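Listed below are the residues making up each chain.
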Amino acid sequence: MYSMHEHRTLPDALLFVLSVFFRKIFILQLVGLVLTYNFTDCDFEKIRKKYQEVIYQALEKYMNGIKSTEFNNPIYCEDPPDCLTKIERITFYPTHGCTSLAKEIFAVGTNAALTLQCPGYSGMQINNTQAKKKRKKREVATNKCRKQVAYLIELWRRFSRIS
């Protein structure tokens, strides 16, 4: 028969291992929130060209005739790396009421430009199958998403002027 001491050791050991495991996951999540790509070593000129050739038209098409100035919340960036940091955050990280921008054509172009022109930038994983389905069956853009895209338009304009 098992003694009372042996019977408790396995659950205690399991609880200890799980607590260490979840603590490490929590720390990794915190580090992921703090660490972002720097964007200082990017080829700003090539990114600006990609914006002018591809991304600008895709952003305008998404807005579907609505002027970005209709959304009165200005957004500002200090220099090209700051602009790209904010562009990346708004494009690829969902916000309440707008979760699907990363699948849009302008996001795919943004991801390609940053991945190709910024050494060490790993890019965002975008499921191409979902992106193609999205293009075929376009959902109506919400006001919250249009507001986010209006921010992107302003950031890209500022980036183009200062890079």
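About the cut-offs
- Residues numbered from 1 in each chain as written.
- Predicted model: local features only at pLDDT ≥ 70, side-chain atom pairs only at ≥ 80, totals over all residues.
- Heavy atoms only, no water.
- Helix = DSSP H or I, 4+ residues; strand = E, 2+ residues; numbered from the N terminus.
- Buried < 20%, exposed > 50% of the residue type's maximum accessible area, 1.4 Å probe, protein only.
- Contact = heavy atoms within 4.5 Å.
- Areas by Shrake-Rupley, 256 points an atom, 1.4 Å probe, with all protein chains shown as cover.
- Axes fitted to C-alpha atoms, helices over the stretch in contact; angles between N-to-C directions.
- Parallel < 35°, antiparallel > 145°, perpendicular 65-115°, else oblique.
- Left-handed = near helix turned anticlockwise from the far one by under 90°.
- Nonpolar A, V, L, I, M, F, W, Y, C, P; charged D, E, K, R; others polar.
- Core = buried A, V, L, I, M, F, W, Y, C linked by side-chain atoms within 4.5 Å.
- Salt bridge = Lys/Arg side-chain N within 4 Å of Asp/Glu carboxyl O.

The protein chain is annotated in an unreviewed UniProt entry as Thymic stromal lymphopoietin of Odobenus rosmarus divergens.

This next bit is on the overall build of the protein chain. What the protein chain contains, in helices and strands, is six helices and zero strands. Taken from N to C terminus, the helices and strands of the protein chain fall in the order α-α-α-α-α-α. Here the protein chain holds 163 residues, and the buried ones make up 33% of them. Within the protein chain, contacts between residues separated by at least 24 positions form 83% of all contacts whose residues are at least 6 apart in sequence. When the accessible surface of the protein chain is split by element, carbon and sulfur atoms take 58% of a total near 11,100 Å².

With that out of the way, let us pick up the packing of helix α3 (residues 80-92) against helix α4 (residues 105-117). Look at α3 against α4: their axes get within 11 Å of each other, and the N-to-C directions meet at 140°. In terms of orientation, α3 and α4 fall into the oblique class. Crossing of α3 over α4 shows left-handed handedness. Contacts from L84, I87, T91 and F92 in α3 reach F106, A107, T110, N111 and L114 in α4. The class makeup of the residues in the contact of α3 with α4 is six nonpolar, three polar and no charged.

Core analysis: the largest hydrophobic core is formed by 33 residues, its most contacted members being I47, L59, L84, F106, V149 and W156. Elements with a contribution of two residues or more to this core: α2 (44-63), α3, α4 and α6 (143-162). With nine residues, α6 is the single largest residue contributor to this core. Ignoring anything within four residues of it in the chain, the contact list for L59 reads Y51, F106, V149, L152, I153 and W156.

So, about the pattern of salt bridges. Applying the stated criterion across every chain yields a total of five salt bridges. Ionic pairing is found between R157 and E154, a salt bridge with its closest N-O pair at 3.0 Å. Pair noted here: R157 and E154 are both in helix α6, with a separation of three residues, about one helical turn. Note on R157: relative accessible area 29%, which makes it partly exposed. Three or more residues are tied together by salt bridges with common partners; here these are E60, E154 and R157.

A word on unusual backbone geometry. Trans is the common state for peptide bonds, and a negative phi is the common state for residues other than glycine. Phi is positive for F39, which is not a glycine, with a value near 65°. Structurally, F39 can be placed in the loop between α1 (4-34) and α2. F39 sits in the buried class, given a relative accessible area of 0%. A positive phi angle, close to 55°, is found at N64, a residue other than glycine. Checked against the element boundaries, N64 lands in the loop between α2 and α3.

Following the sequence through the fold, R89 ends up in helix α3. Owing to a relative accessible area of 45%, R89 belongs among the partly exposed residues under this scheme.

Here we take up the packing of α2 against α4. Viewed as axis vectors pointing N to C, α2 and α4 meet at an angle of 170°, and their least axial separation amounts to 8 Å. The pairing of α2 with α4 is recorded here as roughly antiparallel in orientation. Between α2, through K46, I47, K50, I55, A58, L59 and Y62, and α4, the contact on the second element is made entirely by I105, F106, G109, T110, A113, L114 and Q117. Here the residues of the contact of α2 with α4 sort into nine nonpolar, three polar and two charged.

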